[in-house]
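# Structural overview
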Amino acid sequence: KGCILTIGSRRNITVFGNVIIGTNGTVNHTSRCTFSVTGNFTNAGSYVATDNNARLTFSGVSQLFSGNGTHTCKSLTINAGSNTSLGVAVSCNILSVSGVFDPSTYLLTINANTKGFNIANSGTIKVNTATFSGNYSRSPTTINNSSTINYSAITLNQTVANFDYGKLVISGAMVKTLAANTTLLSSTSTTGIVSLEGGTLDLGAFTLNRSTAVAGG
(Lines give C-alpha, C1' and ligand atoms only; values in the text may rest on other atoms or scores of the structure.)
Protein backbone atom coordinates (compact mmCIF):
# COMPACT_ATOMS: atom_id res chain seq x y z
CA LYS A 1 0.00 0.00 0.00
CA GLY A 2 1.38 3.39 -0.96
CA CYS A 3 2.17 6.26 1.37
CA ILE A 4 1.60 9.91 0.38
CA LEU A 5 3.33 12.86 2.04
CA THR A 6 2.06 16.33 1.16
CA ILE A 7 4.23 19.38 1.81
CA GLY A 8 1.51 22.02 1.88
CA SER A 9 2.72 24.47 4.50
CA ARG A 10 4.57 27.64 3.59
CA ARG A 11 7.05 26.94 6.37
CA ASN A 12 10.42 25.68 5.13
CA ILE A 13 11.34 22.08 5.89
CA THR A 14 14.86 20.70 6.41
CA VAL A 15 15.72 17.01 6.54
CA PHE A 16 19.07 16.54 8.27
CA GLY A 17 20.04 13.32 6.53
CA ASN A 18 18.88 11.20 3.61
CA VAL A 19 15.47 11.24 1.94
CA ILE A 20 14.30 7.92 0.50
CA ILE A 21 11.01 7.70 -1.38
CA GLY A 22 10.11 4.03 -1.79
CA THR A 23 8.56 2.39 -4.83
CA ASN A 24 5.01 3.01 -3.58
CA GLY A 25 5.78 6.36 -1.98
CA THR A 26 4.73 9.82 -3.14
CA VAL A 27 5.83 13.28 -2.02
CA ASN A 28 3.55 16.07 -3.23
CA HIS A 29 5.22 19.49 -2.87
CA THR A 30 2.21 21.77 -3.23
CA SER A 31 3.37 24.99 -1.53
CA ARG A 32 5.99 27.65 -2.16
CA CYS A 33 8.19 26.54 0.73
CA THR A 34 11.76 25.23 0.53
CA PHE A 35 12.29 21.48 1.04
CA SER A 36 15.93 21.27 2.07
CA VAL A 37 17.96 18.04 2.25
CA THR A 38 21.44 17.65 3.74
CA GLY A 39 21.95 14.02 2.67
CA ASN A 40 21.15 12.00 -0.44
CA PHE A 41 17.79 12.23 -2.21
CA THR A 42 16.74 8.81 -3.51
CA ASN A 43 13.41 8.61 -5.30
CA ALA A 44 12.09 5.24 -6.43
CA GLY A 45 8.51 6.45 -6.23
CA SER A 46 7.23 9.93 -7.06
CA TYR A 47 8.29 13.46 -6.14
CA VAL A 48 5.93 16.01 -7.68
CA ALA A 49 6.17 19.77 -7.16
CA THR A 50 3.07 21.63 -8.33
CA ASP A 51 3.59 25.15 -6.94
CA ASN A 52 5.83 27.17 -9.28
CA ASN A 53 7.79 28.44 -6.25
CA ALA A 54 8.31 25.03 -4.64
CA ARG A 55 12.05 24.66 -4.09
CA LEU A 56 14.05 21.47 -3.60
CA THR A 57 17.38 22.46 -2.08
CA PHE A 58 20.55 20.45 -1.56
CA SER A 59 22.25 21.96 1.47
CA GLY A 60 24.69 19.31 2.68
CA VAL A 61 28.28 18.55 1.69
CA SER A 62 28.52 15.52 -0.66
CA GLN A 63 25.09 14.61 -2.04
CA LEU A 64 23.48 12.40 -4.68
CA PHE A 65 20.13 12.87 -6.44
CA SER A 66 19.15 9.42 -7.72
CA GLY A 67 16.38 6.84 -8.15
CA ASN A 68 14.29 5.58 -11.04
CA GLY A 69 11.05 7.19 -9.90
CA THR A 70 9.19 10.24 -11.22
CA HIS A 71 10.98 13.53 -10.61
CA THR A 72 8.91 16.64 -11.27
CA CYS A 73 10.81 19.61 -9.85
CA LYS A 74 9.98 23.29 -10.11
CA SER A 75 13.04 24.97 -8.58
CA LEU A 76 16.23 23.00 -7.94
CA THR A 77 18.86 24.76 -5.81
CA ILE A 78 22.42 23.72 -4.95
CA ASN A 79 23.53 25.70 -1.91
CA ALA A 80 27.06 26.96 -1.31
CA GLY A 81 29.12 24.19 0.27
CA SER A 82 27.13 21.39 -1.36
CA ASN A 83 28.68 19.12 -3.98
CA THR A 84 25.64 17.52 -5.61
CA SER A 85 25.79 14.83 -8.30
CA LEU A 86 23.06 13.32 -10.45
CA GLY A 87 22.46 9.58 -10.62
CA VAL A 88 19.43 9.97 -12.89
CA ALA A 89 18.04 12.35 -15.50
CA VAL A 90 16.03 15.17 -13.90
CA SER A 91 13.84 18.02 -15.12
CA CYS A 92 13.07 21.36 -13.46
CA ASN A 93 11.93 24.88 -14.28
CA ILE A 94 14.78 26.66 -12.51
CA LEU A 95 18.31 25.57 -11.62
CA SER A 96 20.26 27.81 -9.22
CA VAL A 97 23.82 26.77 -8.36
CA SER A 98 25.86 28.31 -5.55
CA GLY A 99 27.79 25.13 -4.74
CA VAL A 100 29.07 22.44 -7.13
CA PHE A 101 26.71 20.63 -9.49
CA ASP A 102 27.90 17.49 -11.29
CA PRO A 103 25.34 15.90 -13.67
CA SER A 104 27.65 12.94 -14.38
CA THR A 105 26.55 11.69 -17.82
CA TYR A 106 22.85 12.48 -17.27
CA LEU A 107 20.72 15.19 -18.88
CA LEU A 108 19.22 17.94 -16.74
CA THR A 109 16.23 19.30 -18.64
CA ILE A 110 15.54 22.91 -17.69
CA ASN A 111 12.09 23.84 -18.92
CA ALA A 112 11.25 27.11 -20.66
CA ASN A 113 11.80 29.97 -18.23
CA THR A 114 13.51 33.28 -18.98
CA LYS A 115 15.47 33.16 -15.70
CA GLY A 116 15.80 29.42 -15.51
CA PHE A 117 19.52 28.66 -15.21
CA ASN A 118 21.63 30.70 -12.81
CA ILE A 119 25.23 30.17 -11.69
CA ALA A 120 26.22 32.31 -8.70
CA ASN A 121 29.70 33.73 -8.18
CA SER A 122 30.40 30.82 -5.81
CA GLY A 123 28.80 28.28 -8.13
CA THR A 124 30.40 25.58 -10.29
CA ILE A 125 28.74 23.38 -12.88
CA LYS A 126 30.49 20.44 -14.52
CA VAL A 127 30.15 19.23 -18.10
CA ASN A 128 30.93 15.55 -18.65
CA THR A 129 29.37 14.89 -22.05
CA ALA A 130 30.80 15.66 -25.48
CA THR A 131 28.77 18.89 -25.73
CA PHE A 132 27.17 21.19 -23.18
CA SER A 133 23.72 20.23 -24.44
CA GLY A 134 24.38 16.61 -23.53
CA ASN A 135 24.23 17.55 -19.84
CA TYR A 136 22.01 20.65 -19.92
CA SER A 137 19.02 21.26 -22.18
CA ARG A 138 19.57 25.02 -22.33
CA SER A 139 22.31 27.61 -21.94
CA PRO A 140 22.78 29.47 -18.64
CA THR A 141 20.72 32.64 -18.29
CA THR A 142 23.10 34.10 -15.68
CA ILE A 143 26.88 33.60 -15.59
CA ASN A 144 28.62 35.87 -13.09
CA ASN A 145 32.21 37.11 -13.22
CA SER A 146 33.35 34.36 -10.83
CA SER A 147 30.98 31.60 -11.93
CA THR A 148 32.81 28.40 -12.90
CA ILE A 149 32.07 26.02 -15.75
CA ASN A 150 34.28 22.94 -15.65
CA TYR A 151 34.69 20.68 -18.71
CA SER A 152 35.71 17.57 -16.82
CA ALA A 153 35.20 14.52 -19.07
CA ILE A 154 37.82 11.81 -18.75
CA THR A 155 37.06 9.40 -21.61
CA LEU A 156 35.80 11.58 -24.47
CA ASN A 157 36.69 14.79 -26.30
CA GLN A 158 34.56 17.84 -25.58
CA THR A 159 33.43 20.99 -27.36
CA VAL A 160 33.60 24.15 -25.24
CA ALA A 161 30.33 26.01 -25.77
CA ASN A 162 30.24 29.61 -26.96
CA PHE A 163 29.49 31.45 -23.70
CA ASP A 164 30.98 34.44 -21.90
CA TYR A 165 32.71 32.60 -19.04
CA GLY A 166 33.56 33.81 -15.56
CA LYS A 167 36.03 31.02 -14.84
CA LEU A 168 36.62 28.32 -17.44
CA VAL A 169 38.15 25.11 -16.10
CA ILE A 170 39.66 22.42 -18.34
CA SER A 171 40.09 19.21 -16.36
CA GLY A 172 39.87 15.43 -16.62
CA ALA A 173 41.54 14.20 -19.81
CA MET A 174 41.22 14.19 -23.62
CA VAL A 175 40.85 17.30 -25.82
CA LYS A 176 38.54 20.27 -25.21
CA THR A 177 38.01 22.37 -28.36
CA LEU A 178 36.49 25.84 -28.65
CA ALA A 179 33.27 26.05 -30.66
CA ALA A 180 33.77 29.75 -31.52
CA ASN A 181 35.61 32.90 -30.45
CA THR A 182 35.16 32.99 -26.69
CA THR A 183 35.24 35.80 -24.10
CA LEU A 184 36.07 35.65 -20.41
CA LEU A 185 34.13 38.05 -18.19
CA SER A 186 36.35 40.23 -16.04
CA SER A 187 35.47 42.94 -13.55
CA THR A 188 38.82 42.80 -11.72
CA SER A 189 42.26 41.40 -12.40
CA THR A 190 41.29 38.20 -10.55
CA THR A 191 38.19 37.34 -12.60
CA GLY A 192 37.90 36.08 -16.15
CA ILE A 193 40.23 33.10 -15.65
CA VAL A 194 41.15 29.93 -17.53
CA SER A 195 42.38 27.09 -15.31
CA LEU A 196 44.10 24.18 -17.08
CA GLU A 197 43.92 21.26 -14.65
CA GLY A 198 43.94 18.29 -17.01
CA GLY A 199 43.49 17.34 -20.63
CA THR A 200 44.27 19.64 -23.57
CA LEU A 201 42.63 22.91 -24.56
CA ASP A 202 42.58 23.30 -28.36
CA LEU A 203 41.66 26.79 -29.58
CA GLY A 204 41.52 25.64 -33.19
CA ALA A 205 41.01 28.66 -35.45
CA PHE A 206 39.33 30.66 -32.67
CA THR A 207 40.40 33.11 -29.98
CA LEU A 208 40.00 33.10 -26.21
CA ASN A 209 40.25 36.61 -24.75
CA ARG A 210 39.45 38.44 -21.55
CA SER A 211 36.96 41.26 -21.78
CA THR A 212 38.52 44.71 -22.15
CA ALA A 213 35.31 46.61 -21.49
CA VAL A 214 35.84 46.72 -17.72
CA ALA A 215 38.71 47.24 -15.29
CA GLY A 216 41.06 44.29 -15.13
CA GLY A 217 40.24 43.12 -18.64
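To keep things clear, this report deals only with the structure shown in the data block. Within each chain, residue numbers correspond to sequence positions counted from 1 in written order. With pLDDT at 70 or above as the cut-off, local features in this predicted model cover only qualifying residues; side-chain atom pairs require 80 or more to be listed or tallied, and sums for whole chains, interfaces and linings still use all residues. Think of the side-chain values as coming from all heavy atoms in the structure, minus any hydrogens and water.

## Let's talk about the environment of Ser133
Topologically, Ser133 is positioned in the loop between strand 18 (124-127) and strand 19 (142-143). Each C-alpha atom of the pair Ser133 and Asp51 lies 27 Å from the other, and the pair is 82 residues apart in sequence. Pairs of N or O atoms within 3.5 Å make up the polar contacts considered here, provided that, within protein, one atom can donate a hydrogen while the other can accept it, and that residues adjacent in sequence are counted only when both atoms are side-chain atoms. A polar atom in the side chain of Ser133 sits 3.2 Å from the side chain of Thr131. Here a strand is any run of E in DSSP of at least two residues, a helix any run of H or I of at least four, and the numbering for each starts at the N terminus.

## Concerning the sheet that holds strand 7 (residues 46-49)
Strand order in the open sheet formed by 4 strands is 1-4-7-10, and the pairing between neighbours is parallel. The sheet is open, and its two edges are formed by strand 1 (3-7) and strand 10 (70-72), each paired on a single side. Pairwise comparison of adjacent strand axes, ignoring direction, gives a mean angle of 15 degrees for this sheet. We call two strands paired when DSSP finds no fewer than two bridges between them. Inter-axis angles, ranging from 0 to 180 degrees, are taken between N-to-C directions of lines fitted to C-alpha atoms, where helices are fitted over the stretch in contact.

## Some points on unusual backbone geometry
The phi dihedral of Ser104 is positive, around 55 degrees, even though this residue is not glycine. The residue Ser104 is located in the loop between strand 15 (100-102) and strand 16 (108-110) in this model. Positive phi is not limited to glycine here, since Met174 has a value of about 70 degrees. Its place among the elements puts Met174 in the loop between strand 23 (167-170) and strand 24 (175-178).

## Things to note about the environment of Gly123
Following the sequence through the fold, Gly123 ends up in the loop between strand 17 (117-119) and strand 18. Separated by 20 residues in sequence, Gly123 and Ile143 have C-alpha atoms that sit 9.4 Å apart. Any two residues whose heavy atoms approach within 4.5 Å at even a single point are treated as in contact. Leaving out residues up to four positions away in the same chain, Gly123 has contacts with Val97, Ser98, Gly99, Ser147 and Thr148.

## Remarks on the packing of aromatic side chains
What counts as a ring pair is set by centres within 6.5 Å for rings of Phe, Tyr and Trp (its six-membered ring), and what kind of pair is set by the plane angle: stacked under 30 degrees, edge-to-face over 60, tilted for all other angles. Going through the model one piece at a time under the given rule, you end up with 12 aromatic pairs. On the numbers, 5.8 Å between centres and 50 degrees between planes, the contact of Phe163 with Tyr165 is tilted. The classification of residues rests on relative accessible area computed with a 1.4 Å probe and restricted to protein chains. Under 20% of the type maximum is buried, over 50% is exposed, and intermediate values are partly exposed. By relative accessible area, Tyr165 is classed as buried at 0%. Connected via pairs of aromatic rings, a cluster forms that spans Phe101, Phe117, Phe132, Tyr136, Tyr151, Phe163 and Tyr165.

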